[in-house]
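Architecture and fold: a report
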Amino acid sequence: MAGRINDDDVKAVRDAVPIDSVVSEYLQLRNAGGGNLKGLCPFHDEKSPSFQVSPGKGLFHCFGCQEGGDTIAFVMKIDHLSFSETVERLAAKAGITLRYEEGGYNPSHQRGERIRLIEAHQAAAEFYVRALESPEAEIGRKFLAERGFDQDAAAHFRVGYSPAGWDHLTRYLRGKGFSDKELITSGLSQDGRRGPIDRFRGRLMWPISDTAGEIVGFGARKLRDDDNGPKYLNTPETPIYKKSQVLYGIDLAKKDIAKASRAVVVEGYTDVMACHLAGVTTAIATCGTAFGNDHIKILRRLLMDNGSARVIFTFDGDSAGQKAALRAFEDDQKFAAETYIAIAPDGMDPCDLRLAKGDDSVRDLVEPRTPLFEFALRQIVGRYDLETPAGRAAALDEAAAVVAKIKTSSVQREVAVQLAGFVGILDQEFVVHRVAQLARWARDKGGDHAERGGRRGGAPGMRGGAPQQPAPAPGFSGPALNLRSPAHRTERELLKLALQKPALVSPAFDAYGVDEFTAPPYAAVRQCIAEAGGAEQGLADNREYLVAVMDAAPDNTVRSLVTELAVEVFIGKTIDETYAGMQLVHVRLRAVDRRINDVQGSLARLGSHVAPQDLAAAQNEVWVLQQYAQSLRAHGAAAL
């Protein structure tokens, strides 16, 4: 059995894979100043980016939810992997062969479940692609050709074919060393009367990748009349495939989505292909499920919710497509982007449109035409007879209840005014009042638990990438952090220097005791630095030093504070020896003043009961400390 991964190999992996390149596979990053990057946190919902990445230090930290760590910690958290699985995945990305401390390197042993399932899907995708070239797959190639997709298009999207036999893929993957249990767990095989058989048989196959580009499932299209299964059959829920959390084509579209601040949501695999081939390379699709909350989270991290971001839905014009549009409108406000709907003439989907009218028609289709709210409200109002007072009243009641869900009052009023026009009610203020009344009733019933701030409001407590007033750190005794306190503010700056720029404070910092930090959380970080060998360790290799400090943390709360301090920008504009010296002096001077006050307070409490020798010793200590304090005030860092 393979044992733990060699420490040197772990270090090599950590150094070889830049954290910004890994994080960028999941969200869009932008310049945050000070050498840092920022984006919307993938670990909690937020409207303004509080998630920061420091490429130079190899760390990330979210000032909103306090998640933080290095590249390995990020991948472990976002993909729910073990430490070993994460290192193995990153090692494969970097082309590093790992060594194991016990039993030597054996790639077939102790492979993490996720990695094994990903490898099985990769092997299956290659098998299916080769099978598309077989005589049996002629029906699949014909299907593609009839929809305007040639061999190059199939290769670009890695479209394949699953042979019609019972266990062609199962036997192939067994030969690759995958166990029956792994094949069943992956969803590639299913239980048969005499053992595992192929889940997909005689179908056209589309590989479904996650944001990082790893294949996690397949979509399979029915080709033959004697196939009694559904038209489309997708991979079932597995440890690596959750249909509500994947978007087909996201691996191909993510860079252009981030670059253009635009995403086009279509309904099927062939629609994604048609859009991309027509030049609409921001197209993605859900995989057999309605567009929902988890899909929104994926897109928001890529769009960064800036003012120009747009999401365009291209639902079919039939009743099912209209219902999908209304469902999308229900979730509209979870975007900060503007949302639109585009429906082709005659209800054609992008694939049919491209085939009938060419690439230009597809590009024209997805240019924003109708705001989603307008389409949704017109669909509701259109079901009523607006020529009668009763019809107008009924239409208003249903549509106003939808508008009342808009949480931003200014947007709610604007849409209510437009609703009045859709229904044909001249008294716009009556409609505005009715919508506001429904919104109040909903809030009074407790139905509105979401944020009531603006759609693009800033995250509280943030300015210049650093928290103005951090919350009390759980698990610490003592007073809460207060950055209005000069002591706390200076201690924070000194710890940031010790973590980010140790050369400016070493070796003086390493002589500072834990008790010189008055805030218990800061004292805990100081202790971690000491256990990691002191700030002096950061002079040789800052990344390894930061890892050592994090490893010394007694719990996740302290570890989170370490990453926060390691990426947070400094208060000062010029960070040099003079600035560092000021922080060193202020922290030391306050510690000296506290000690003087403590000794003098003890003498005052004891009064005449103090022994003469103790009194002399205490008075001498006070005199020495006062002289030291005077020297610090007069000469600054030179007196340390």
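Residues numbered from 1 in each chain as written. Predicted model: local features only at pLDDT ≥ 70, side-chain atom pairs only at ≥ 80, totals over all residues. Heavy atoms only, no water.

Observations regarding the pattern of salt bridges
Close approach of charged atoms lets side chains of opposite charge pair. Scanning the model with the defined rule gives 33 salt bridges in all. The partner of Asp359 in a salt bridge is Arg354, with the nearest N and O atoms 2.8 Å apart. Given the relative accessible area of 28%, Asp359 is considered partly exposed. When its relative accessible area of 17% is taken as the criterion, Arg354 is described as buried. The network of salt bridges with shared partners includes Arg492, Glu493, Lys496, Glu564 and Glu568. (Salt bridge = Lys/Arg side-chain N within 4 Å of Asp/Glu carboxyl O. Buried < 20%, exposed > 50% of the residue type's maximum accessible area, 1.4 Å probe, protein only.)

Concerning the packing of helix H4 (residues 83-94) against helix H5 (residues 113-131)
It is at 8 Å that the axes of H4 and H5 come closest, and there the two elements cross at 40 degrees. Classed by the angle they form, the pair H4 and H5 counts as oblique. Contact residues: H4 offers Glu85, Glu88 and Arg89, while H5 offers Glu113, Arg114 and Ile115. Residues that form the contact of H4 with H5 fall into these classes: 1 nonpolar, no polar and 5 charged. (Axes fitted to C-alpha atoms, helices over the stretch in contact; angles between N-to-C directions. Helix = DSSP H or I, 4+ residues; strand = E, 2+ residues; numbered from the N terminus. Parallel < 35°, antiparallel > 145°, perpendicular 65-115°, else oblique. Contact = heavy atoms within 4.5 Å. Nonpolar A, V, L, I, M, F, W, Y, C, P; charged D, E, K, R; others polar.)

A look at the packing of aromatic side chains
A complete count under the given rule lists 16 aromatic pairs for this structure. Aromatic pair Tyr248 and Tyr269: ring centres 4.9 Å apart, planes at 90 degrees, arrangement edge-to-face. Of this pair, Tyr248 sits in the loop between strand S11 (232-234) and helix H10 (250-260) while Tyr269 sits in helix H11 (residues 269-277), placing them 21 residues apart in sequence. Both residues of the pair, Tyr248 and Tyr269, belong to the buried class. An aromatic cluster of at least three residues, connected via ring pairs, comprises Tyr26, Phe43, Phe51, Phe60 and Phe74. (Phe/Tyr/Trp six-rings, centres within 6.5 Å; stacked < 30°, edge-to-face > 60°.)

Overview of the sheet that holds strand S9 (residues 203-209)
Ordered by their spatial adjacency, 4 strands build an open sheet running S6-S9-S10-S11, and the pairing between neighbours is antiparallel. Both edges of this open sheet fall to strand S6 (160-162) and S11, since each of them pairs with a single strand only. Averaged over neighbouring strand pairs, the angle between their axes works out to 35 degrees when direction is ignored. Looking at chain direction, strand S10 (residues 215-222) and S11 are connected through 3 bridges and run antiparallel. Its bridge partner lying in S11, Gly219 is registered against Asn234. Contacting S6, S9 and S10, H5 crosses the sheet at an angle of about 35 degrees to S10. (Pairing = 2+ DSSP bridges.)

Overview of the pairing of S10
Of all 8 residues in S10, 7 are buried, a share of seventy percent or more. Alignment of S9 against S10, held across 7 bridges, turns out to be antiparallel. Considered in S10, the bridge of Leu204 is made with Arg221. The turn linking S9 back onto S10 is made up of 5 residues, and Gly213 within it adopts a positive phi angle of 90 degrees.

Structural notes on the pairing of strand S15 (residues 338-341)
On a regular strand, each side chain points to the face opposite its neighbour's, so the side chains alternate between the two faces of the sheet. Strand direction decides the pairing type here: strand S14 (residues 310-313) and S15, joined by 4 bridges, are parallel. Considered in S15, the bridge of Arg310 is made with Glu338. Two strands pair when backbone bridges link them, and S15 and strand S16 (residues 370-371) are joined in this way by 2 bridges, in the antiparallel orientation. Counterpart to Ile341 in the pairing with S16 is Thr370.

Points about the nonpolar core
Ranked by size, the top nonpolar core spans 44 residues in total, and within it Leu144, Val159, Leu204, Trp206 and Tyr248 carry the most contacts. The dominant element in this core, judged by the number of residues it contributes, is H11, at 5 residues. Look past the residues within four positions of Leu144 in its chain and what remains in contact with it is Leu132, Phe149, Ala154, Val159, Leu204 and Trp206. Counting 38 residues, the second largest nonpolar core, distinct from the first, contains Val505, Cys528, Ala532 and Leu561. (Core = buried A, V, L, I, M, F, W, Y, C linked by side-chain atoms within 4.5 Å.)

Structural notes on the side chain of Thr235
Relative to the helices and strands, Thr235 is located in the loop between S11 and H10. A relative accessible area of 5% places Thr235 in the buried class. Aside from chain neighbours lying at most four places away, what touches Thr235 is Ser186, Phe200, Gly217, Phe218 and Tyr241.

Description of the packing of H5 against helix H8 (residues 168-175)
Each pair of packed helices gets described by two things: the angle between the helix axes and the distance between those axes. Axis separation between H5 and H8 bottoms out at 10 Å; the angle between their running directions is 130 degrees. In terms of orientation, H5 and H8 fall into the oblique class. For the pair H5 and H8, the crossing hand works out as right-handed. Here H5 contributes Ala120, Ala123, Ala124, Phe127, Tyr128 and Arg130 to the contact with H8, which in turn contributes His168, Leu169, Tyr172 and Leu173. Taken together, the residues of the contact of H5 with H8 break down into 8 nonpolar, 1 polar and 1 charged. (Left-handed = near helix turned anticlockwise from the far one by under 90°.)

Comments concerning the sheet that holds strand S2 (residues 36-39)
Taken in spatial order, the 5 strands make up an open sheet running S1-S2-S3-S4-S5, and their pairing is antiparallel. Since the sheet does not close on itself, it has two edges, and those belong to strand S1 (30-33) and strand S5 (68-70), each with one partner. On average, adjacent strands in this sheet sit at an angle of 25 degrees to one another, irrespective of strand direction. Looking at chain direction, strand S4 (residues 59-62) and S5 are connected through 3 bridges and run antiparallel. Bridging across to S5, His61 finds its partner in Gly68.

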